[in-house]
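Read off the chains here:
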Amino acid sequence: LGLADEGRRRIDWAAQQMPVLASVEQRFARDQPLAGMRIGACLHVTTETANLVRVLRRGGAEIRLAASNPLSTQDDVAAAIVQDLHVPVFAIKGEDTATYYRHIGQVLACRPHITLDDGADLTCAVHAEHPDLFDEIFGGTEETTTGLVRLRAMAASGALRYPIIAVNDALSKHLFDNRYGTGQSTIDGILRSTNTLLAGKTFVVAGYGWCSRGIAARARGMGAIVLVTEVDPLRALEATMDGHRVLPMLEAAALGDVFVTATGDARVLDRQHFERMKDGAILANAGHFNVEIHLPALQEMAVEIRQPRPSVEQFVLADGRRLNLLAQGRLINLSAAEGHPSAVMDMSFANQALSVAFLARKGKSLAPAVHPVPPEIDAEVAQRKLEAMEIRIDQLTSEQQKYRTSWKVGT
Ligand SMILES: NC(=O)c1ccc[n+]([C@@H]2O[C@H](COP(=O)([O-])OP(=O)(O)OC[C@H]3O[C@@H](n4cnc5c(N)ncnc54)[C@H](O)[C@@H]3O)[C@@H](O)[C@H]2O)c1
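Residues numbered from 1 in each chain as written. Predicted model: local features only at pLDDT ≥ 70, side-chain atom pairs only at ≥ 80, totals over all residues. Heavy atoms only, no water.

**A closer look at the sheet that holds strand β12 (residues 302–309)**
Line of reasoning, step 1. Taken in spatial order, the 8 strands of this open sheet run β9-β8-β7-β10-β11-β14-β13-β12, and their pairing is mixed. Two strands in the sheet have a free side with no partner beyond their single neighbour: β9 (245–246) and β12.
Line of reasoning, step 2. As judged from the 2 bridges shared by strand β8 (residues 225–229) and β9, these two strands associate in the parallel manner. Note on β9: the bridge partner recorded for Leu227 is Arg245. (Pairing = 2+ DSSP bridges. Helix = DSSP H or I, 4+ residues; strand = E, 2+ residues; numbered from the N terminus.)

Here it is in structure tokens:
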């Protein structure tokens, strides 16, 4: 709790960049849409999450929070949430896996009506270990791509027992958070941990999804030569026409100075790639789990592991080459920097807050499936963000509206 003052100052700083969430807060304070609701949350414990927690509290909810990654917790923020918002937080940066899951159990001990998740560890814990909670749970939300992959797999196999709102899939979330948020903050994490010069470097991005597009664009903006690897022909084509060179990872491995994985897949960088990499190569992951860079292979190949800087482990191979792994292969932007800028989390978390209110309103009426964020919430978030940025747009005239919905007028 001695860290709470510092956390509070940083939470207030973030709040200045979150006007959409602030407008939701006003409405929640007035309407109390979450009165009597217990919420169990498993989210990265960052300044932006603290602002979301405050908004949910203002809406009348009782909340418990655990981290959604062992390395992403900002301890000063955790302290401030406990002290100022009186919300129990179960998280400490660098917690081991057993502690991480114990913390999730402590969140579930509040018997939530609604779960908020980022990566689906909380939701999976309910399903695997606490089926007694199903009676009380209305539904949950999921923040990220990997969490939705897991939850859709649960739904397909008939295992999913309560409805999930796919916050990640809202356009006002992934078009901005995954692309511009991950794009900027991944570069931020690499620079904070290595202080490397990107200009002129060969920068390999694995995947060309929402996150990796942003990372590739920002790396190019810093003067790097960007290579992209993909498994999806359409995305490979898109990367090519965006002006990046696309090639298999086995070939890229020998060329890269910096490697970033953001695929949601496992073993994207593995032994056969490490064997070809240049001395001094930097390896970072921006995908949700620490499985994209296959650490067991790297550990087996190393004759020595050094720690030249706080977020850098240097694996010295038998032939003397040094491969530099950042942030233990965990989300680089949240482990070695502060995660996405608040201005982009503003939209993601406005979607979260409004989706939670939607679930509370729906009660037990939604089917146990993965549901989209209601389109009117998505549109409202985008509209409010534009207003906050003082950007005005044109309106369709009635003539244009008619033209756009008719088939009769041609050449
Ligand atoms: N770091 C963060 O703050 C942050 C933010 C949002 C999402 N994420 C995570 O980042 C990951 C990617 O999310 P996204 O929204 O970009 O997903 P996405 O589905 O849009 O993109 C993933 C891409 O990776 C490609 N891919 C899959 N396996 C591959 C392989 N072996 N080699 C090369 N390419 C491969 C897919 O074809 C796809 O194009 C997920 O794990 C997601 O949860 C992280």
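Next comes the rest of the description.
**As for the nonpolar core**
Line of reasoning, step 1. Ranked by internal contacts, the top residues of the largest apolar core, which has 53 residues, are Leu34, Leu56 and Ile81.
Line of reasoning, step 2. No other element matches helix α16 (residues 342–362), which puts 12 residues into this core.
Line of reasoning, step 3. Sequence-distant contacts of Leu56, that is, excluding residues within four places in its chain, are made with Phe28, Leu34, Ile39, Ala61, Ile63, Leu116, Ala353 and Val356.
Line of reasoning, step 4. Core analysis: the next-biggest nonpolar cluster, separate from the first, contains 25 residues, Ile215, Ala219, Val260 and Ala262 among them. (Core = buried A, V, L, I, M, F, W, Y, C linked by side-chain atoms within 4.5 Å. Buried < 20%, exposed > 50% of the residue type's maximum accessible area, 1.4 Å probe, protein only. Contact = heavy atoms within 4.5 Å.)

**Remarks on the site of the ligand**
Line of reasoning, step 1. The immediate surroundings of the ligand are formed by 26 residues, with Thr144, Thr145, Thr146, Glu230 and Asn333 found nearest.
Line of reasoning, step 2. Within the contact set of the ligand, an oxygen atom lies 2.6 Å away from a side-chain nitrogen or oxygen of Thr144.
Line of reasoning, step 3. Between Trp210 and the ligand, the recorded distance is 3.1 Å, taken from a backbone N or O atom to an oxygen atom.
Line of reasoning, step 4. Compared with its free state, where it exposes 870 Å², the ligand has 87% of that area covered by protein.
Line of reasoning, step 5. For the ligand, the cavity whose grid points lie within 2 Å of the majority of its atoms is the largest pocket.
Line of reasoning, step 6. Elements supplying a minimum of two residues to the shell around the ligand: α7 (145–156), α9 (177–194), α10 (210–221) and α15 (332–335). (Near = heavy atom within 4 Å. Polar contact = N/O pair within 3.5 Å; in protein donor to acceptor, adjacent residues only side chain to side chain. Areas by Shrake-Rupley, 256 points an atom, 1.4 Å probe, with all protein chains shown as cover. 1 Å grid on protein atoms, 1.4 Å probe; cavity = no way out; pocket = protein on both sides within 12 Å on 5 of 7 lines; lining within 4 Å. Sits in = over half its atoms within 2 Å of the grid points.)

**Considerations on a nonpolar patch on the surface**
Line of reasoning, step 1. On the surface, Met389, Ile391 and Ile393 cluster together to form a nonpolar patch covering roughly 290 Å² of accessible area.
Line of reasoning, step 2. Checked against the element boundaries, Ile391 lands in the loop between α17 (375–388) and α18 (398–404).
Line of reasoning, step 3. Assessed through its relative accessible area of 38%, Ile391 is described here as partly exposed. (Patch = residues over 30% accessible without salt bridge, like charges linked within 9 Å, V, L, I, M, F, W, Y side chains within 5 Å. Salt bridge = Lys/Arg side-chain N within 4 Å of Asp/Glu carboxyl O.)

**Observations concerning the packing of helix α2 (residues 19–31) against α16**
Line of reasoning, step 1. Put simply, α2 and α16 touch, their axes get as near as 7 Å, and they point 25° apart. It follows that α2 is roughly parallel to α16 by the angle criterion. The two elements α2 and α16 meet at a crossing, and its hand is left-handed. Across the interface between the two elements, Pro19, Val20, Leu21, Val24, Arg27 and Phe28 of α2 pack against Asp346, Phe349, Ala350, Ala353, Leu354 and Ala357 of α16.
Line of reasoning, step 2. Its residues assigned to classes, the contact of α2 with α16 shows 10 nonpolar, no polar and 2 charged. (Axes fitted to C-alpha atoms, helices over the stretch in contact; angles between N-to-C directions. Parallel < 35°, antiparallel > 145°, perpendicular 65-115°, else oblique. Left-handed = near helix turned anticlockwise from the far one by under 90°. Nonpolar A, V, L, I, M, F, W, Y, C, P; charged D, E, K, R; others polar.)

**Regarding the sheet that holds strand β1 (residues 38–42)**
Line of reasoning, step 1. Across the sheet, which stays open at both edges, the 7 strands sit in the order β3-β2-β1-β4-β5-β6-β15 with parallel pairing between neighbours. One side of each edge strand has no neighbouring strand; the edge strands of this open sheet are β3 (89–90) and β15 (370–372).
Line of reasoning, step 2. Bridge count between strand β2 (residues 62–66) and β3: 2 bridges; the pairing is parallel. Paired with Leu65 across the bridge in β3 is Val89.
Line of reasoning, step 3. Its contacts with the sheet put helix α3 (residues 47–58) on β1, β2 and β4 (114–117), and the angle it makes with β2 is roughly 160°.
Line of reasoning, step 4. Its contacts with the sheet place helix α5 (residues 97–108) against β1, β2 and β3, and it is angled at close to 175° to β2.

**Section: the packing of helix α1 (residues 4–15) against helix α4 (residues 75–85)**
Line of reasoning, step 1. Two elements in contact, α1 and α4, have axes whose closest approach is 7 Å; the angle formed by their N-to-C orientations is 95°. With respect to α4, the element α1 is oriented roughly perpendicular. Packed against α1, whose contacting residues are Ala4, Glu6, Gly7, Arg8, Arg10 and Ile11, the element α4 presents Asp76, Val77, Ala79, Ala80, Gln83 and Asp84 at the interface.
Line of reasoning, step 2. Residue composition of the contact of α1 with α4, by class: 5 nonpolar, 2 polar and 5 charged.

Interpretation in functional terms is not warranted from these geometric data alone.
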